[in-house]
Amino acid sequence: MSSAIEEVETITILFVDDNPDEFVLMEWLVKGGVDQNTELVCVTDIESACKVLDEKDISMILLDNKLHLNDDFRTSVPVLRSKAFTGPIGIVSSSIEPEYFQEFEQYGADFRIGKNELDRNAIGFIIDEFAKKDTKLSDD
Amino acid sequence: MLDEISLAFFNSTPNPGFLVNEDGTISLINSAACSKLQLKEDDTIGILFHKLFPVVAAQNNEKFEAITGVLVEKDPCSDKLRILVSLPGLPSFRTQITKSDPQICRDGVKRSIVYMNDHGQVEKLKDSYENSLTLLNAALSAIPEGFAIYDEEDRLQVFNQGYMDVYPDSVDAMKIGTRFEDILKYGLEQGQYEEAGFTEESRAAWLKERLKNHFNPTAPLVQHLKDGRYIRVDERVLDDGHIVGIRSNITELMETKSLAESLGDALDNIAAPVAFIDIETQRILYGNTAFLNNLQYTPDEITQLTLMDINHNANPEKISEFIDKIIENRGVVQQSRSQHVRKDGTVYPCVVNSICENGDNPKRILVFVEDESIEREIREELDYRRVQQETFIENLPVFIIRSDLDTTIHFANELYCDFFGVSLADIIGVKFTEFIHTEEIIQNLKNCLASLTMESPVRTYEQEMLSSDGIFRTVLWTNRLVFKDGEPHEVVSVGRDITDSKLAKAQIEEQAHALTLRNQALEQFAGIVSHDLRSPLRHIRLFGEMLMEEHESGNSENFGDYISRIRSSILRMESLISSLLEFSQVAYKQVNRSRFVLSTAIDEVKENLAQNIEQSGAVIKLQNDFDLNLDYVLFVRLMQNLIDNAIKYQKDDQPAQIQISADQTEKNIVCITVADNGIGIASEQASRIFNVFQRLHVDEKKYKGTGIGLALAKRIAEGHNGTLSLDTDYKDGSKFVLKVPI
């Protein structure tokens, strides 16, 4: 048995964070950590994120846990899911120690990662693992 | 007629003698007959002997021989004839006569010599004996006891009907001349003596013992016969060897004795000392175990004592008087106090209850003794405990009241009286509801009392009470409904002044609250360190790495941007660290309350914020002053943060107008409001604004700060057990409401 992988041309990642410095850092990490074509769309709030979802085909969302006007991902993820986004949503946070992070799947998130853990390897792994969900597997 | 010798003998004999012819006529009399019977020979010769001396039962026409022969045959006990001598001038008497066989005299006539054995003495004795015997038999038959006499050879000589009645099974063997042993054996064969058993060995042993006792009686013995009767045998051996025995039926006595023994057993089991006293001798007849133990005597010893011996300093006259009184009132218990003397000489007080037996001739007194020493010990112990209990109650740091169901007090301890500043006499008879000053509490108390039941007789509640010194104290009352014979009887109320403990509890709660806040602060601090401080650090690290990459690739296009971002992160960190330090130093500082007026604190705030106020043109207006009891330093800080916040978030075109007012809206609570005309805060953000490092406005160029001011103000309010909140109904800007106890 053998398999063939048909690659998607561009992976579009929506990054939501209230600190614009994070955009610069994320671009740098993605650029250096991913081989295939990627597009990083950065917004500072959920309203903007929802607009992007209306306009673009997003492969994956990376969501800061504590956005300025929202408490945490438990309220922000459901908002994003309400826009019929079925792709992977990952929570990035300075700290993932609070207990409620154990229940991230219950609120519609697919994974969580601390910001201090984010480096190019981690970004590459996440994209391989989650953003390539639409890769097609075919039998010979 | 007679030869000379015979005639001489005939005349010399001392007994009267007669020579009688065959036809019974007297042919000669001797000298004794003449002298003792005063007969004259001439008047006697030729007279028929049996005419002169009538022979008992002789027929007139019978010949002398025939008469004597018949008589001899008729008297088997004697071969002697008896005649009645009744002569003129002499007392008549009976006497025996001895008659010789007829002999041929010298004149050829056959004659017999008749001698009188005496002249009445023997017959007199015999008559006397017979009379005595008759009298004895009559007397013996008259007594109910069995009477028997055995001779020296142990043969039955005399016995009466009573003897036969005692041993009915041996009657057939009771014949004059029968040996005692044979009579006993006969009775044994009939099974008359139950105590002898039913085997040969046992009966032989019994017989041996009985005979031994019979011949050597030392004490009366008691026989138990088969019909259940008890027979007492009293025997005595006379000097001549005769044995006299009396048998008495003592069955009733034995049964009575058995009853008495049973009574004795019962009395022995009675814990109270009991004794029987002989009325005549005042001797103690019996004492039960308790009586003996009290006096320390043995049963034998006690019966040797009289009332005089056991009563301390007894007066014999008084004792006799008392006994007379008991006898006079027989059947009625007479009580007296005494002091009994023990064998060892010690004395103990007692109450003696005496009663005389009924009957016309009472012999005994029954005595019940109550040892007062034990009762006294118990009484003294009870008194001691009562005093101890009263002392205990008086010294208990609680109020104790006993009252009727309508709350009328019939007991109150000293503490309760002291609390209201009244004496016990003033309180007794007063309803304790009168000591309560509000109708609401009285109603609550009544409801509480009404709810008490046998199933749930206890209720506890707190009550504010005004003491005599005018201070309200909190008392925790426990009311208990006491029942008597199944019916509610009284209410026992115990109250504990818990004012101090409540204050202590409040302090503890306050400290616990403060501790909770500190713990929360620590957690928050940890969260802040991990989130808010780690974030700029990470930025510095990553932007540094980017600089390195750019530098390695020889591209310096973004250097300025990256360095600028690193610098911003460092400044941010410095600001956060300073704020955290300030927060940790001020927010949970120990609250030291002092009295001051609100205007003083506001003046100091104005002084501290003088530069900001001047630059912004803000106007601060205190609408009214107020006396406060708060931590002055912390309160100034709180107000400073609120006023600074109002200045910071003022509208672009309007200098801040800040209104401060104070009012006591609730008991012991002051409400201070700080209202401004600034940009305001959306109501949905009302709770978030007090979190540490929460800033609603990210534009630090316009609204500078770390977001710690309101959080710090809130912590200070909580440190005073107060609250700080945003009035979301206020639409003209922001209005903060501070409520703290003063």
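Residues numbered from 1 in each chain as written. Chains lettered and ligands numbered in written order. Predicted model: local features only at pLDDT ≥ 70, side-chain atom pairs only at ≥ 80, totals over all residues. Heavy atoms only, no water.

Undergrad: Residue-level account of helix 8 (residues 180-189) of chain B, with values.
TA: All names here are of chain B. Along helix 8, the residues classified as buried are Phe180, Ile183, Leu184, Gly187 and Leu188. Looking straight down helix 8, one finds that the buried residues subtend no more than 140° of arc, so they occupy a single side. As for helix 8, its buried residues are in contact with strand 7 (146-150), strand 8 (156-159), helix 7 (161-166), helix 9 (200-215), strand 10 (230-237) and strand 11 (243-249). Just beyond helix 8, the residue with positive phi is Gly191, at close to 75°. (Buried < 20%, exposed > 50% of the residue type's maximum accessible area, 1.4 Å probe, protein only. Helix = DSSP H or I, 4+ residues; strand = E, 2+ residues; numbered from the N terminus. Arc of directions from axis to C-beta. Contact = heavy atoms within 4.5 Å.)

Undergrad: Provide a residue-level description of a nonpolar patch on the surface, including the pertinent values.
TA: Residue and element names in this part refer to chain B. A surface patch of nonpolar side chains, amounting to about 270 Å² of accessible area, comprises Tyr129, Leu133 and Leu136. Mapping Leu133 onto the fold places it in helix 6 (residues 121-142). Judged by relative accessible area, which is 31%, Leu133 ranks as partly exposed. (Patch = residues over 30% accessible without salt bridge, like charges linked within 9 Å, V, L, I, M, F, W, Y side chains within 5 Å. Areas by Shrake-Rupley, 256 points an atom, 1.4 Å probe, with all protein chains shown as cover. Salt bridge = Lys/Arg side-chain N within 4 Å of Asp/Glu carboxyl O.)

Undergrad: Quick one: what's the story with the environment of Leu221(B), residue by residue and with numbers?
TA: Within the fold, Leu221(B) resides in strand 9 (residues 221-224). In this structure, the C-alpha to C-alpha distance between Leu221(B) and Ile231(B), residues ten residues apart in sequence, is 8.2 Å.

Undergrad: Could you give an account of the sheet that holds strand 26 (residues 669-675) of chain B, with specific residues and numbers?
TA: Residues and elements named next belong to chain B. Strand order in the open sheet made by the five strands is 23-25-26-28-27, with mixed pairing throughout. Edge positions in the sheet fall to strand 23 (619-622) and strand 27 (723-726), since each of these pairs with one other strand and no more. Along the sheet, successive strands turn relative to each other by an average axial angle of 20°, direction set aside. As paired strands, strand 26 and strand 28 (residues 735-741) are joined by seven bridges and run antiparallel to one another. Pairing of Cys671 across the sheet is with Lys739, part of strand 28. On top of the sheet, helix 24 (residues 709-719) reaches strand 27 and strand 28; it is set at about 140° to strand 27, its chief contact. (Pairing = 2+ DSSP bridges. Axes fitted to C-alpha atoms, helices over the stretch in contact; angles between N-to-C directions.)

Undergrad: Which residues make up unusual backbone geometry, and what values do they have?
TA: Residues and elements named next belong to chain B. Of note, Gln296 is a non-glycine position whose phi angle comes to about 70°, a positive value. Although it is not a glycine, Asn721 adopts a positive phi angle of roughly 60°. Note that Asn721 resides in the loop between helix 24 and strand 27. Judged by relative accessible area, which is 36%, Asn721 ranks as partly exposed.

Undergrad: Residue-level account of a negative patch on the surface, with values.
TA: Residues and elements named next belong to chain B. A cluster of acidic residues, Asp603, Glu604, Glu607, Asp625 and Asp627, forms a negative patch at the surface. Tallying contributions element by element places helix 21 (residues 598-608) first for the negative patch, with three residues. Relative to the helices and strands, Glu607 is located in helix 21. (Lys, Arg positive; Asp, Glu negative; His and termini not counted. Charge placed at Lys NZ, Arg CZ, Asp CG, Glu CD.)

Undergrad: Give a detailed account of the sheet that holds strand 7 of chain B, specifying residues and quantitative values.
TA: Residues and elements named next belong to chain B. Taken in spatial order, the five strands of this open sheet run 8-7-11-10-9, and their pairing is antiparallel. Whereas interior strands pair on both sides, the edge strands pair on one side only; in this sheet they are strand 8 and strand 9. Each adjacent strand pair in this sheet contributes to an overall mean axis angle of 25°, direction not counted. Two elements, strand 7 and strand 11, share five bridges in a ladder whose sense is antiparallel. Across the sheet, the residue bridging to Ala148 is Gly245, located in strand 11. Contacts from helix 9 reach strand 7, strand 9, strand 10 and strand 11 within the one sheet, and its direction differs from that of strand 10 by about 45°.

Undergrad: Give a description of the packing of aromatic side chains that names residues and reports values.
TA: Tallied over the entire structure, the rule returns 23 aromatic pairs over all chains. A ring pair is formed by Phe73(A) and Tyr100(A), whose centres lie 5.7 Å apart and whose planes are at 40°; its orientation type is tilted. Highlighted residues: Phe73(A) in helix 3 (residues 73-81) and Tyr100(A) in the loop between strand 5 (89-93) and strand 6 (111-114), separated in sequence by 27 residues. Taking 5.1 Å as the distance between ring centres and 75° as the angle between the ring planes, the aromatic pair formed by Tyr150(B) and Phe180(B) counts as edge-to-face. Of this pair, Tyr150(B) sits in strand 7 while Phe180(B) sits in helix 8; the two residues are 30 residues apart in sequence, bridging distant segments of the chain. (Phe/Tyr/Trp six-rings, centres within 6.5 Å; stacked < 30°, edge-to-face > 60°.)

Undergrad: If you had to explain the environment of Ile498(B) to someone new, which residues and values would you point to?
TA: All names here are of chain B. Within the secondary structure layout, Ile498 lies in the loop between strand 21 (487-497) and helix 19 (499-553). Separated by 22 residues in sequence, Ile498 and Leu476 have C-alpha atoms that sit 6.4 Å apart. For Ile498, the residues in contact, after removing those within four places along its chain, are Glu462, Thr474, Val475 and Leu476.

Undergrad: Explain the pattern of salt bridges to me, and be specific about the residues and the numbers.
TA: Residues and elements named next belong to chain B. On inspection of all chains with the given rule, the structure shows 33 salt bridges over all chains. The partner of Arg473 in a salt bridge is Asp497, with the nearest N and O atoms 2.9 Å apart. Placement of Arg473 in strand 20 (residues 472-484) and of Asp497 in strand 21 is noted, with a sequence separation of 24 residues between them. Exposure remark for Asp497: the relative accessible area of 28% places this residue in the partly exposed category.

Undergrad: Talk me through the packing of helix 20 (residues 559-586) of chain B against helix 24 of chain B; I want residue IDs and the actual numbers.
TA: Angle between the axes and distance between the axes are the two parameters that describe a pair of packed helices. Residue and element names in this part refer to chain B. One way to put it is that helix 20 packs onto helix 24 with a least axis distance of 10 Å and a crossing angle of 10°. Taken together, the axes of helix 20 and helix 24 are roughly parallel relative to one another. Here Glu582, Phe583 and Val586 of helix 20 come into contact with helix 24, specifically with Ala711, Leu712, Arg715 and Ile716. A class-by-class count of the residues in the contact of helix 20 with helix 24 yields five nonpolar, no polar and two charged. (Parallel < 35°, antiparallel > 145°, perpendicular 65-115°, else oblique. Nonpolar A, V, L, I, M, F, W, Y, C, P; charged D, E, K, R; others polar.)

Undergrad: Break down the confidence of the model for chain B for me, citing the residues and quoting the values.
TA: Atomic detail in the predicted coordinates should be set aside for any region of low pLDDT. All names here are of chain B. Considering every residue of chain B, the mean pLDDT works out to 82; 90% of them sit at 70 or more. Least confident of the elements in chain B is helix 5 (residues 64-74), whose mean pLDDT is 47; most confident is strand 23, at 94. Low pLDDT, under 50, characterises residues 69-78; the stretch is placed with nine contacts to residues that sit more than four places away or in other chains. For this predicted complex, the interface confidence reaches an ipTM of 0.83, while the overall pTM sits at 0.41. (pLDDT = per-residue confidence, 0-100.)

Undergrad: Before we move on, can you summarise the confidence of the model for chain A with the specific residues and values?
TA: Averaged over all residues, the pLDDT of chain A is 83; the fraction at 70 or higher stands at 86%. In the predicted structure, residues 1-5 of chain A sits below a pLDDT of 50 and forms nine contacts with residues beyond four places in sequence or in another chain.

Undergrad: Can you explain the side chain of Glu550(B)? Please cite residues and give values.
TA: Take Glu550(B): it is sitting in helix 19. No salt bridge is formed by the buried Glu550(B); the nearest opposite charge belongs to Lys31(A), separated by 6.6 Å. Excluding anything up to four places from it in sequence, Glu550(B) contacts Asn555(B), Glu557(B), Asn558(B), Phe559(B) and Tyr562(B).

Undergrad: An account of the nonpolar core is needed here, citing residue identities and associated values.
TA: Counting residues in each nonpolar core, the largest one holds 46 residues, and the members touching the most others are Phe635(B), Met639(B), Ile660(B) and Ile672(B). Non-local contacts of Ile660(B), meaning those with residues more than four positions away in its chain, are made with Leu598(B), Ile602(B), Ile620(B), Lys621(B), Leu622(B), Gln623(B), Asn624(B), Met639(B), Ile643(B), Ile672(B), Thr673(B) and Val674(B). Met26(A), Met60(A), Ile126(A) and Phe543(B) belong to the second largest nonpolar core, which has 30 residues in total. (Core = buried A, V, L, I, M, F, W, Y, C linked by side-chain atoms within 4.5 Å.)

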